[in-house]
Amino acid sequence: QVQLAESGGGLVQAGGSLRLSCAASGLTFSQYGMGWFRQALGKERQFVVGISKSGGSTYYADSVKGRFTISRDNAKNTVYLQMNNLKPEDTAVYYCAATRYYTGSYQKADYDYWGQGTQVTVSS
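Residues numbered from 1 in each chain as written. Predicted model: local features only at pLDDT ≥ 70, side-chain atom pairs only at ≥ 80, totals over all residues. Heavy atoms only, no water.

Caption draft 1: A look at the sheet that holds strand 3 (residues 18-25). Ordered by their spatial adjacency, 4 strands build an open sheet running 1-3-8-7, and the pairing between neighbours is antiparallel. Two strands in the sheet have a free side with no partner beyond their single neighbour: strand 1 (3-7) and strand 7 (68-73). Across the sheet, the mean angle from the axis of one strand to that of its neighbour is 15°, orientation sign disregarded. Where strand 1 meets strand 3, 5 bridges bridge the pair, whose relative direction is antiparallel. Pairing of Ala5 across the sheet is with Ala23, part of strand 3. (Pairing = 2+ DSSP bridges. Helix = DSSP H or I, 4+ residues; strand = E, 2+ residues; numbered from the N terminus. Axes fitted to C-alpha atoms, helices over the stretch in contact; angles between N-to-C directions.)

Set out below in structure tokens:
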């Protein structure tokens, strides 16, 4: 049974930082590209960032370039999202997702597994 478990969300002031983690189990982690999506209240779930199976390639939505950094540790089956200079518009539930064949895809349908999400709230 595949599980993706996000952690690290919380409440932070604008300009602050958070680090999200996503621990994977039940799959061969190094065979999956990983991504982070977010869903604000009343809005569609949107791609934020992706990383290739080896970690050698990364993909960022324009809205987070220069502020967010994705990384992964295949020995720990974990992917991370470092979020700096957070803005109120970054407030959302953040989901990690795994894709076998479509690394870096912006399309939700290309991802095979999803976590339950972690809330990030940025106050102004």
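There is more to say after this.
Caption draft 2: A look at unusual backbone geometry. With a phi angle near 55°, Asn77 is a residue other than glycine that sits in the positive phi range. Tracing the backbone shows Asn77 in the loop between strand 7 and strand 8 (78-83). The phi angle at Asn85 is positive, at roughly 50°, despite the residue not being glycine. Along the chain, the position of Asn85 falls in the loop between strand 8 and strand 9 (92-99). Taking relative accessible area as the criterion, Asn85 reaches 41% and is therefore assigned partly exposed. (Buried < 20%, exposed > 50% of the residue type's maximum accessible area, 1.4 Å probe, protein only.)

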